[in-house]
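In case you want the letters, here they are:
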Amino acid sequence: MVDDQVKVLVVEDDADTALFVRTVLERRGGMAVTVAREPMTALEHADRETFDVVVTDIQMPGMTGLQLLSELRTRAPGLPVIVMTAFASVDYAVDALHREADDFLVKPLSAATLVERVTAAAERGRARVRAAAPETVLAVGAHPDDVEIGVGATLAAHRAAGDTIVVLTLSGGAVGGDSDVRRVEALAAAGVVGARLFLHDFDDTRLATADGLIATIEETVAQVGPTVVYTHSAHDRHQDHRAVHEAVQVAARQVPSLACYQSPSSTVDFRPTRFVTVDGFLETKLQMLAAYASQQHRSYMAPDAVRAAARYWARFGTGTYVEPLEMIRASGRVSQAGPGTSAAADHSDEHARGDAR
């Protein structure tokens, strides 16, 4: 059975109906179906296993389908339940819906309707699970401050939503300053949002030819199990940024969501397709950037420049401040900051870092 196969618990005391429902869902819907002939057995299955949908009859001995629905709501909140009955009674439908059934089907059932409604219920249930589950976010940068410049406010929004934040920085940034000082600054910046920091010492400006770059990122991915990864864009003048982008593409290939942020050395080909509203989190980003005292002489670190860039991108999203992302792939929530998604993309060539940092 593949990992994303829909799992259905069918509760039906009539053998012919149970066989019909099972056959249709398995053969036409490609689903994994467990049949329980009475409610107490169904509850035992629900306690032991995880299902995407429950399909239950109303008229059953010992416990009605509506009583089963109430019990399932206590034991497995959020689990979609479809109630079916041979009696096309408005009273039954109203009662079922008042008890928070996700759908109501009248027998005899058509195969197409059954598959369609069960599939839709499973998708809604999985969406609720994704929305409720906290993310583990991995932000990858070539140098200290790359991540904070690109998605500092987005990370702050993730943290406010209860997500786990991990920052992976692959060099100490020796070309752009004292690497020991920058390491201390990176730790301070991570501390602003309670992020866990992995800091490596690959040679600054030489990441494109660095042995072990992909393996190092893979080790971090395996250790923290991210559901979302942010990293550099391919559209960047800095060779280290492009190298990290390519390495992350390989190392994070199984991560559900991958997005690329803008840096001051991004080119005019940087084309964001998602615009994350970060109202209320920009000041936290500025606190993170302020931790990099050794880099405050750079124009793109100035608070007014940071605010202006976020204000500019807001024209494509919602709210006052936005951080732009090039989406490589997305599954579920990318940010709790309330991202506005658009097919529109714009080009912004911001302050250049040059090829050495």
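Going by the structure above, here's the rest.
Quantities reported herein were computed from a predicted structural model and do not represent experimental measurements.

(A) Seen up close, the nonpolar core. Within the largest apolar cluster, 33 residues are counted, with the highest numbers of intra-cluster contacts made by Val147, Val151, Leu155, Tyr230 and Leu325. Of all the elements, helix α6 (residues 146-160) adds the most residues to this core, at 6 residues. Sequence-distant contacts of Leu155, that is, excluding residues within four places in its chain, are made with Val137, Ala139, Val147, Ile165, Val167 and Tyr230. With 22 residues, the next largest nonpolar core counts Val140, Ala142, Leu168 and Leu170 among its residues.

(B) Spotlight on the side chain of Thr169. Summarising the element assignment, Thr169 is placed in strand β7 (residues 164-171). Judged by relative accessible area, which is 3%, Thr169 ranks as buried. What Thr169 contacts, discounting residues up to four positions off in sequence, is Gly141, Ala142, His143, Pro144, Leu197, Phe198, Leu199 and His200.

(C) Highlighting helix α9 (residues 239-251). With 13 residues, α9 ought to run about 18 Å at 1.5 Å a step, and its terminal C-alpha atoms sit 18 Å apart, in line with that. Within α9, burial applies to Gln239, Asp240, His241, Ala243, Val244, His245, Ala247, Val248 and Ala251.

(D) Representation of the pairing of strand β6 (residues 136-141) within the structure. Most of β6 is tucked away, with 6 of its 6 residues classed as buried. By the alternation rule, side chains of β6 split into Thr136, Leu138 and Val140 and Val137, Ala139 and Gly141, which are all buried. On the question of chirality, the crossover connecting β6 to the parallel β7 by way of α6 is right-handed. Here β6 runs beside strand β9 (residues 228-232); their pairing, made up of 3 bridges, is parallel. Following the sheet pairing, Ala139 is matched in β9 by Tyr230.

(E) Looking closely at the pattern of salt bridges. Overall, the coordinates contain 15 salt bridges when judged by the stated rule. Between Arg73 and Asp102 there is a salt bridge, with the nearest N and O atoms lying 2.8 Å from each other. Here Arg73 is found in helix α3 (residues 65-75), whereas its partner Asp102 is found in the loop between α4 (90-98) and β5 (103-106), with 29 residues between them in sequence. Taking the relative accessible area as the measure of exposure, Asp102 reaches 22% and is therefore partly exposed. Here the residues in one salt-bridge network are Glu12, Asp57 and Lys107, joined through shared partners.

(F) A look at the layout of surface pockets. Space inside the largest pocket adds up to approximately 390 Å³. Lining the largest pocket we find 16 residues, and of these Thr50, Phe51, Asp52, Arg126 and Val129 sit closest to its centre. Broken down by element, the residue count for the lining of the largest pocket peaks at 4 residues, all from helix α5 (residues 111-132). A per-class count over the lining of the largest pocket returns 6 nonpolar, 3 polar and 7 charged.

(G) Looking closely at the side chain of Thr231. Among the secondary structure elements, Thr231 is positioned in strand β9. Among residues more than four places away in sequence, those in contact with Thr231 are Val140, Val244, Val248, Leu258, Ala259, Cys260 and Tyr261.

(H) Broad picture of unusual backbone geometry. The omega torsion of the bond from Lys107 to Pro108 falls at 0 degrees, within 30 degrees of zero and hence cis. Topologically, Pro108 is positioned in the loop between β5 and α5. You will see that Asp145, though not glycine, has its phi angle at about 90 degrees, which is positive. Structurally, Asp145 is set in the loop between β6 and α6. At Thr205, a position not held by glycine, the phi torsion is positive, near 75 degrees. Structurally, Thr205 is set in the loop between β8 (196-202) and α8 (213-224).

Reading the values: the criteria
Residues numbered from 1 in each chain as written. Predicted model: local features only at pLDDT ≥ 70, side-chain atom pairs only at ≥ 80, totals over all residues. Heavy atoms only, no water. Core = buried A, V, L, I, M, F, W, Y, C linked by side-chain atoms within 4.5 Å. Buried < 20%, exposed > 50% of the residue type's maximum accessible area, 1.4 Å probe, protein only. Helix = DSSP H or I, 4+ residues; strand = E, 2+ residues; numbered from the N terminus. Contact = heavy atoms within 4.5 Å. Expected span 1.5 Å × (residues − 1). Right-handed = clockwise from strand over helix to strand, strands pointing away. Pairing = 2+ DSSP bridges. Salt bridge = Lys/Arg side-chain N within 4 Å of Asp/Glu carboxyl O. 1 Å grid on protein atoms, 1.4 Å probe; cavity = no way out; pocket = protein on both sides within 12 Å on 5 of 7 lines; lining within 4 Å. Points joined across faces, edges and corners; volume = space filled by probe spheres on them. Nonpolar A, V, L, I, M, F, W, Y, C, P; charged D, E, K, R; others polar.

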